[in-house]
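If you want the building blocks of each chain, they are given just below.
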Amino acid sequence: MKTICIQDLTVRDGNQSLLATRMEREDILTLAAALDKVGYHSMEVWGGATFDSAYRFLNQSSWDILRDIRKVAPNTKLSMLLRGQNIVGYRHYDNDILERFIRLTIENGIDIIRCFDALNDIENIRHAFSYVKKYNAHLQAAIAYTVSPVHSNEYYIDLVKKYEELDADSICIKDMSGIISPENAGELVRTLK
């Protein structure tokens, strides 16, 4: 059996989804330092809306926060959420910007990049996958889970096969809407295995 790793999402998704991305640097660092002692495989600490919110609403540098998290959490791999060609923004960026962003992200402390497209569009994540691999980070390819007549287990199997062809290191089921039941999750994981 392959290893199942536990990744804590409190610093990124807890901040984004529960606290409207208003956690300030001091609180983030206190939390990251405490979580570093738990023994998680990784902590997702950056990306998504937390990147621009630090600048827009808190007048804080996301890059400085990332570097400081790396200092206070030396024992745990750091992960981020990347929206493919949209990076952490709300529009498509060209490949030069995408590559530079990924390189700098890794240089500043990120070990694992969890990359997804909300519509599971391979073309929107293909270049991001290649740059993550080029700069030697762990590429975690995320399935954007949803329920529809199109989104069957067979659909997800085909998607994961494409992720494997693009050299993903691990697969994540991203249930953004909180709609997967334990039974469906178990069935999907068994099917993917």
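Every chain is numbered independently, its residues counted from 1 as its sequence is written. At least 70 in pLDDT is required for a residue's local features to be given in this predicted model, at least 80 for side-chain atom pairs to be given and counted, and no such filter applies to totals for whole chains, interfaces and linings, which use all residues. Computation of side-chain values: all heavy atoms of the structure, hydrogens and water removed.

## A word on the nonpolar core
Rules: Nine residue types can take part in a nonpolar core, namely buried Ala, Val, Leu, Ile, Met, Phe, Trp, Tyr and Cys, and a core is a set of them joined through side-chain atoms within 4.5 Å. A 1.4 Å probe rolled over the protein chains alone gives each residue an accessible area, and that area as a share of the maximum for its type sets the label: buried under 20%, exposed over 50%, partly exposed in between. Segments assigned H or I by DSSP are reported as helices when at least four residues long, segments assigned E as strands when at least two residues long, and all are numbered from the N terminus.
Counting residues in each nonpolar core, the largest one holds 46 residues, and the members touching the most others are V45, W46, I69, L82, F101, I102 and Y163. Ranked by residue count, the leading element in this core is helix 6 (residues 122-134), at six residues.

## Some remarks on the pattern of salt bridges
Rules: Take a side-chain nitrogen of Lys or Arg and a carboxyl oxygen of Asp or Glu: if they are within 4 Å of each other, that pair is a salt bridge.
In total, this model carries 12 salt bridges according to the counting rule given. Linking D111 and R70 is a salt bridge whose minimum nitrogen-to-oxygen distance equals 2.8 Å. One end of the pair, D111, is in the loop between helix 5 (95-107) and strand 4 (112-115); the other, R70, is in helix 4 (residues 62-72), and 41 residues separate them in sequence. It is possible to trace a salt-bridge network through shared partners that takes in R12, E44 and R114.

## Observations concerning the packing of helix 5 against helix 6
Using the following cut-off: Lines fitted to C-alpha atoms define the axes here, with helix axes fitted over just the stretch in contact, and angles between the N-to-C directions of these axes take values from 0 to 180 degrees. Crossing handedness is defined as follows: a turn of the near helix away from the far one that is anticlockwise and smaller than a right angle gives a left-handed crossing, while the clockwise case is right-handed. Residues are treated as being in contact if the distance between any of their heavy atoms lies within 4.5 Å. The nonpolar class holds Ala, Val, Leu, Ile, Met, Phe, Trp, Tyr, Cys and Pro. Asp, Glu, Lys and Arg form the charged class, and all remaining residues, Gly among them, are polar.
One way to put it is that helix 5 packs onto helix 6 with a least axis distance of 9 Å and a crossing angle of 40°. Handedness of the helix 5/helix 6 crossing: right-handed. In this structure, helix 5 uses N95, L98, E99, I102 and I106 to contact helix 6, whose residues at the interface are H127, A128, Y131, V132 and K134. A breakdown of the residues in the contact of helix 5 with helix 6 according to their chemical character gives six nonpolar, two polar and two charged.

## Side note on the side chain of D117
As a reminder, the rule being used: Polar contacts here mean pairs of N or O atoms no more than 3.5 Å apart (in protein, one a potential hydrogen donor and the other a potential acceptor; neighbouring residues in sequence count only if both atoms are side-chain atoms).
By the element assignment, D117 lies in the loop between strand 4 and helix 6. Of note is the side chain of D117, whose polar atom sits 3.0 Å from the backbone nitrogen of L119. Side chain to side chain, D117 and N124 meet in a polar contact 2.4 Å long. Not counting residues up to four positions away in its chain, the partners in contact with D117 are N124, I125 and A144.

## Considerations on unusual backbone geometry
Even without being a glycine, I87 presents a positive backbone phi close to 55°. Along the chain, I87 turns up in the loop between strand 3 (77-82) and helix 5. Judged by relative accessible area, which is 4%, I87 ranks as buried.

## Brief notes about the sheet that holds strand 2 (residues 42-47)
The pairing of strands in a sheet comes from backbone hydrogen bonds and takes either a parallel or an antiparallel form. Applicable threshold: We treat two strands as partners when DSSP finds at least two bridges between them.
With parallel pairing, the six strands of this open sheet are ordered in space as 1-2-3-4-5-6. What marks the edges here is a single partner per strand, and that holds for strand 1 (7-8) and strand 6 (170-174). Pairing of strand 3 with strand 4 involves four bridges; the strand directions are parallel. By the bridge assignment for strand 4, M80 is matched with I113. Along the sheet, helix 4 contacts strand 2 and strand 3; its crossing angle with strand 2, the most-contacted strand, is approximately 165°. Relative to strand 3, helix 5 is tilted by about 160°, and along the sheet it contacts strand 2, strand 3 and strand 4.

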